[in-house]
Structure formats: C-alpha cells, structure tokens
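Structure at a glance
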Amino acid sequence: MSQFNEVMNKKAVALKYDENRNAAPVIVASGMGYLAEKIVEVASESGVPVYEDNSLATMLSQLALGQEIPDSLYRAIVEIYVYFLNFDPNDPEKARRKREALEAPPAPQAEDPSAQDGGAGQGQSAKGAT
C-alpha cells in the first residue's frame, strides 16, 4: 500500500466529556486522511493521550460533531477511559503495551514430561486451556 493510501485511510475522532453538561462523551472533532493526522498531532502536542482503534474510529466518525456517544458504544468508550487512567506521560507507550499484552492470546504451555499417563496429561491440558 502506498504512503498516500495509508494517510487517506486514517481516521481520527476527538471526544470530550463534561460530567456537568453531558450524560456521555461528545464528538468534538472528526476527520480522515490529513485531517486525521492533524487531529492526532494537535492532541499529542497538547499532551492528550491518543488511543488507537481503527474500527472504533470508523464507527465514531459516522457521528455528527456535538453528538453524544450512543449507548451501544459505551463499553468501547469505557476501555478508552481505562486506558487513559493507566496513561503515564513519562512513558506514553506503557498503556498501549499493557493493552496489547492483555489482548494477546496466551502462549502455549509446554507439557509436563512427568505426566505421561493419558488422564493426568489431558487434565493438565484442560486446565491450561480454561
């Protein structure tokens, strides 16, 4: 994919939450391509953490500016807020690494060579899979 296509496929959405005025976060900026890059750049320069999720950005970008987040997206927004709670300005990548580690499938466990009978070996595999 060309660099131009990569830029044009980017989406960015900025949210604002004011518990005194809104029941849910509100869309305050939205854009694609170069505008998306500019939204991320301004956020980064302003010390605002950036949460990367292209599919969520696609859904949110379909909402109008000033529109509150619909109930159906609350769970995803909660994940963003949890990410921000773990955000460390001294290590901006820390929260992303932690999130990716939680999303990664567990590493396969080596079988215990001492458990050679079928029943014990199967029991251990079942425990490892749950």
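Residues numbered from 1 in each chain as written. Predicted model: local features only at pLDDT ≥ 70, side-chain atom pairs only at ≥ 80, totals over all residues. Heavy atoms only, no water.

**Some details on the environment of Val-82**
- Mapped onto the fold, Val-82 is located in helix H4 (residues 74-85).
- Taking the C-alpha atoms as reference points, Val-82 and Arg-99, separated by 17 residues in sequence, lie 9.9 Å from one another. (Helix = DSSP H or I, 4+ residues; strand = E, 2+ residues; numbered from the N terminus.)

**A few points about the packing of aromatic side chains**
- This structure, assessed with the given rule, holds 4 aromatic pairs.
- Ring geometry for Tyr-17 against Tyr-81: centres 6.4 Å apart, planes inclined by 70 degrees, an arrangement best described as edge-to-face. Of the two residues, Tyr-17 sits in the loop between strand S1 (11-16) and strand S2 (26-32) while Tyr-81 sits in helix H4, which places them 64 residues apart along the sequence.
- Here Tyr-17 falls in the partly exposed class, since its relative accessible area comes to 40%.
- Taken together, Tyr-17, Tyr-51, Tyr-81, Tyr-83 and Phe-84 form an aromatic cluster joined through their ring pairs. (Phe/Tyr/Trp six-rings, centres within 6.5 Å; stacked < 30°, edge-to-face > 60°. Buried < 20%, exposed > 50% of the residue type's maximum accessible area, 1.4 Å probe, protein only.)

**Brief notes about the pattern of salt bridges**
- Tallying each qualifying case throughout the model produces 2 salt bridges.
- Lys-10 is the salt-bridge partner of Glu-37, the closest N and O atoms lying 3.4 Å from each other. Placement of Glu-37 in helix H2 (residues 34-45) and of Lys-10 in the loop between helix H1 (3-8) and S1 is noted, with a sequence separation of 27 residues between them.
- Classification of Lys-10 by relative accessible area gives partly exposed; the value is 39%.
- We note a salt bridge from Glu-41 to Lys-38, for which the minimum N-O separation is 3.4 Å. (Salt bridge = Lys/Arg side-chain N within 4 Å of Asp/Glu carboxyl O.)

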